[in-house]
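Breakdown of the fold
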Amino acid sequence: MPGAYLLAILLSAAGILVLDLRLRLIGPRAPAATLAAVGIGTLFLLVWDAAGILTGVFVKGGSDLLLGVDLAPHLPLEEPVFLAFLCYLALVAWAGADRVLSRREVRR
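Residues numbered from 1 in each chain as written. Predicted model: local features only at pLDDT ≥ 70, side-chain atom pairs only at ≥ 80, totals over all residues. Heavy atoms only, no water.

Per an unreviewed UniProt entry, the protein carries the name Lycopene cyclase domain-containing protein and comes from Microbacterium lushaniae. Listed in UniProt under the heading Pathway (unreviewed entry), the comment for the protein reads: "Carotenoid biosynthesis." Looking at the protein in UniProt, the text filed under Subcellular location (unreviewed entry) is "Membrane". (UniProt positions renumbered as here; feature names shortened; annotations may be inferred.)

Here it is, written out as structure tokens:
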């Protein structure tokens with residue numbers, strides 16, 4: 001089913017967003033910094049991908065789950081969306097772990 005991978009990424013990102021908003025982890029507390037971190041991280045990883053594509057390390061495999069839109073050779077539309085999701089997930093996970101560890105230290 002074309003687009004299923006993109007849909008899965010977007011649904012997963014929506015779930016992380018709901019978790020972030022509900023627990024007020026990172027986005028609600030520092031929205032500009034969160035957007036900047038996700039943007040800079042995504043850009044860095046896209047440059048990394050470009051280097052891998054140019055050296056032949058990264059190639060796009062065939063899958064019926066992809067939408068079929070390429071932004072560049074071996075760079076499907078889903079890739080920057082996935083990279084942004086990965087950056088946001090890392091921020092939310094870090095903020096959650098920081099909160100848990102902070103509370104653990106307060107109890108001591």
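Still more to cover.
**Description of the packing of helix 1 (residues 4-23) against helix 3 (residues 78-107)**
The angle between the axes and the distance between the axes are what describe a pair of packed helices. Close contact between helix 1 and helix 3 brings their axes to 10 Å; oriented N to C, the two are set at 25 degrees. For the element pair helix 1 / helix 3, the angle class is roughly parallel. Crossing of helix 1 against helix 3: the hand is left-handed. Here helix 1 contributes Y5, L6, I9, L10, S12, A13, I16, L17, D20 and L23 to the contact with helix 3, which in turn contributes E78, V81, F82, F85, Y88, L89, V92 and R99. Here the contact of helix 1 with helix 3 is composed, by residue class, of 14 nonpolar, 1 polar and 3 charged. (Axes fitted to C-alpha atoms, helices over the stretch in contact; angles between N-to-C directions. Helix = DSSP H or I, 4+ residues; strand = E, 2+ residues; numbered from the N terminus. Parallel < 35°, antiparallel > 145°, perpendicular 65-115°, else oblique. Left-handed = near helix turned anticlockwise from the far one by under 90°. Contact = heavy atoms within 4.5 Å. Nonpolar A, V, L, I, M, F, W, Y, C, P; charged D, E, K, R; others polar.)

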